[in-house]
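Coordinate inspection notes
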Amino acid sequence: MQPFQPQPRTRREARLAEADPQSARGSQNERQDRASRGRRRGRGWRWTAGILTVVALLGGYGYADVVDAVPGVLTAQPPRPDPVPFPTPTLRVTTTEGATPVGDAAPTPAAESVNELVEEALADGLPASTGIDIRDALTGDVLYARDAGASRTPASTTKVLTAAAALAEAGAETRLPTTAYLHVPENEADPPLVILHGGGDVLLGAGESDSDAVDGHAGLASLAQETAHALRGHGIDEVAVARDESLFSGADFHPTWDRADIGHGFVAPLSPLMIAAGRTGEGMPRSDRPGEDAARAFAEALQDAGIEVRGHDGSAQAADADDELAQVLSAPLRAQAEHLLVTSDNVVSEAVGRQVALARGEEADFAGAARAVEDAMADLGLEDEDGAISLTDLSGLSYDNRIPPEALSRLLVLAVAGEGPLAELPSLMPVGGWSGTLSSRYRSEESADGAGIVRAKTGSLRSVTSLAGTLVTADGRLLAFAVMGDGLEPAEVSRARPAMDALLAGLARCGC
């Protein structure tokens, strides 16, 4: 087998440069909100004028930064409060029906207070079309529902289903292998071939393995060092390198996605063999050839380990290998699920979803992964005969996804009340004013009571804003919620987000 000759890096850079950095249509890779949300309402008109000016000057990326879709020059880093501990439920239920009621002495949710808070939020900018489902997380009792059964475009709250299915189906402790195999060609003139097989870990590090990290937990340099040691044991000091990306099948980029999103850093073509989910640097585009990048990094590390490498741009099948040389393992899927929820990384979410597909015997492509997660939700009792949950991708980058608010809140109730890996789901989410995509929200006077209290997954597209998670009330009760607005104008999105935050802060404050 003749290895391919390596391609120049400038080819990749030239292809990435074709993406128009001013054409972004909103994004799913949300991290931080603008610090100006912490201003008092009396100053709101000044900021509105400033925002409109910035949007006009910066185009798509500027808009995405302003509306909490991407990090950027408009994003601030305020001090972080300590989050409150996540409460341990004292009542265990397996369904939302027929739950045993708590004793008379326990604090009781007040539905009238929730109604008042929602009315205030509607008056303050929450669109009347918003779908809302708020429940007592320990009993499943509905405290407030507004179009809760209507399926909506969820944006990144899709990732709640992806993470839940990964915990329940693929296994929270599952680690994904990246393996080096040896193939000795029949033609003695060809060098031995090291096949780098991707096992689905898209958070590989280019350097040595970092046991304290999720991103970079398994390092290609460490794999190369172990591989070099094994090769010397075989009396081999010169090889070619090929990559095996066959674990995932089908298209590596969903047809509903905009390829310009690669240039904006929101997503990359999916491969089971990727470094840092295809990121090429902070605030930089993602690679459009991540598998080749990983093979190049491995070949360079193998060269540094004393093995002569004659080429690293070919493909091969690990099934044709003669021997396994070395292997590195990812962080557990539990940690990867937390990573995708906190950072809202689209690539990691899609890759973790492929593990659900494999666990359920589905094809590891977009359709198979979406079907596997849908079926996992049906097994939990979240689907009805109408099939209210309909997924196209597992990151939420596609506008074609449909999830009703009640499905998200019911899933969280099941997680809180259940046992096993799924019970960890709520505690893996970002914390208001503290971490991930909620790190700079809950800073205003109206929403500050939610800081350290609200744990939720955000969702942002140009016409979508949503939140799904849990919070602890002033009386120590745990609520599950989903608040979803879709089909909105950009101005409605910018008003809806602080209104959602104020609503949830009010729930935390009022003891509902």
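Everything in this summary refers to the structure shown in the same document. Note that the structure is predicted; figures quoted are calculated from it, not measured. (Residues numbered from 1 in each chain as written. Predicted model: local features only at pLDDT ≥ 70, side-chain atom pairs only at ≥ 80, totals over all residues. Heavy atoms only, no water.)

1. A word on the overall build of the chain
- Broken down by element type, the chain carries twelve helices and 13 strands.
- Here the chain, with 512 residues, has 58% of them falling under the buried criterion.
- Here the contacts in the chain between residues at least 6 apart in sequence split such that 72% fall between residues at least 24 apart.
- Total accessible area on the chain is roughly 19400 Å²; 48% of this is exposed by carbon and sulfur atoms. (Helix = DSSP H or I, 4+ residues; strand = E, 2+ residues; numbered from the N terminus. Buried < 20%, exposed > 50% of the residue type's maximum accessible area, 1.4 Å probe, protein only. Contact = heavy atoms within 4.5 Å. Areas by Shrake-Rupley, 256 points an atom, 1.4 Å probe, with all protein chains shown as cover.)

2. Remarks on the packing of aromatic side chains
- Taken as a whole, this structure holds two aromatic pairs when the rule is applied.
- What links up through ring pairs into an aromatic cluster is the set Phe253, Trp257 and Phe366.
- Its guanidinium or amino end placed over the ring of Phe253, Arg259 lies 4.5 Å from that ring's centre, counting from NZ or CZ.
- A cation over a ring is seen here: Arg354 above Phe248, with NZ or CZ 5.8 Å from the ring centre. (Phe/Tyr/Trp six-rings, centres within 6.5 Å; stacked < 30°, edge-to-face > 60°. Lys NZ or Arg CZ within 6 Å of the ring centre and 35° of its normal.)

3. A short note on helix H10 (residues 366–379)
- Counted at 1.5 Å a residue, the expected span for H10 with its 14 residues is 20 Å, and the 20 Å between its end C-alpha atoms agrees.
- All of the buried residues along H10 are Phe366, Gly368, Ala369, Ala370, Ala372, Val373, Glu374, Ala376 and Met377.
- Residues of H10 that are buried make contact with helix H4 (158–171), helix H9 (346–359) and helix H11 (405–417).
- Positive backbone phi, at 85°, marks Gly381, one or two positions downstream of H10. (Expected span 1.5 Å × (residues − 1).)

4. Some thoughts on the sheet that holds strand E2 (residues 142–146)
- In spatial order, the strands read E2-E1-E13-E12-E11; together these five strands make up an open sheet with antiparallel pairing. The sheet is open, and its two edges are formed by E2 and strand E11 (455–461), each paired on a single side. Here the strands of the sheet are splayed against their neighbours by 5° on average, with no regard to which way each runs.
- In terms of strand pairing, strand E12 (residues 464–472) meets strand E13 (residues 478–485) through eight bridges, oriented antiparallel. Counterpart to Ala468 in the pairing with E13 is Ala482. (Pairing = 2+ DSSP bridges. Axes fitted to C-alpha atoms, helices over the stretch in contact; angles between N-to-C directions.)

5. Looking at the side chain of Glu350
- Among the secondary structure elements, Glu350 is positioned in helix H9.
- In this structure Glu350 touches Trp257, Leu270, Phe366, Asp393, Leu394 and Ser395, once residues within four positions along its chain are discounted.

6. A few points about the pattern of salt bridges
- As enumerated under the stated definition, the model contains 21 salt bridges in all.
- Residue Arg152 pairs with Asp486 through a salt bridge whose shortest N-O separation is 3.1 Å. One end of the pair, Arg152, is in the loop between E2 and H4; the other, Asp486, is in the loop between E13 and helix H12 (490–510), and 334 residues separate them in sequence. Summarising the burial analysis for this pair, Arg152 and Asp486 share the class buried.
- The residue Glu292 makes a salt bridge to Arg243 at a minimum N-O spacing of 3.9 Å. Placement of the pair is Glu292 in helix H7 (residues 290–304) and Arg243 in strand E6 (residues 238–244), with a sequence separation of 49 residues.
- Judged by relative accessible area, which is 9%, Arg243 ranks as buried.
- Bridged by salt links that share partners, the residues Arg243, Glu245, Arg289, Glu292 and Asp313 form one connected network. (Salt bridge = Lys/Arg side-chain N within 4 Å of Asp/Glu carboxyl O.)

7. Here we look at helix H5 (residues 220–233)
- With 14 residues, H5 extends 20 Å from end C-alpha to end C-alpha; this agrees with the ideal 20 Å at 1.5 Å per step.
- The complete set of buried residues in H5 reads Leu220, Ala221, Ser222, Leu223, Ala224, Thr227, Ala228, Ala230 and Leu231.
- Looking one or two places after H5, you find Gly235, whose phi comes out positive at around 75°.

8. Overview of the pairing of strand E3 (residues 177–183)
- Counting buried positions over the seven residues of E3 gives six, a clear majority of the element.
- Sheet topology places E3 next to strand E4 (residues 193–198); six bridges connect them, and they run antiparallel. Bridge pairing in E4 places Ala180 opposite Leu196.

9. Overview of the nonpolar core
- Ranked by size, the top nonpolar core spans 90 residues in total, and within it Ile134, Leu161, Met377, Leu411, Leu425, Leu471 and Phe481 carry the most contacts.
- The residues contacting Ile134, other than those within four sequence positions of it, are Val114, Asp141, Val142, Leu143, Tyr144, Leu479, Ala480, Phe481 and Leu507.
- Core analysis: the second largest hydrophobic core is formed by 30 residues, Leu182, Leu223, Ala294 and Leu325 among them. (Core = buried A, V, L, I, M, F, W, Y, C linked by side-chain atoms within 4.5 Å.)

10. Thoughts on unusual backbone geometry
- Unusually for a residue other than glycine, Ala155 sits at a positive phi of about 55°.
- Of note, Ala155 is situated in the loop between E2 and H4.
- Positive phi values are uncommon outside glycine, yet Ala276 reaches one of about 50°.
- For Ala276, a relative accessible area of 15% gives the class buried.

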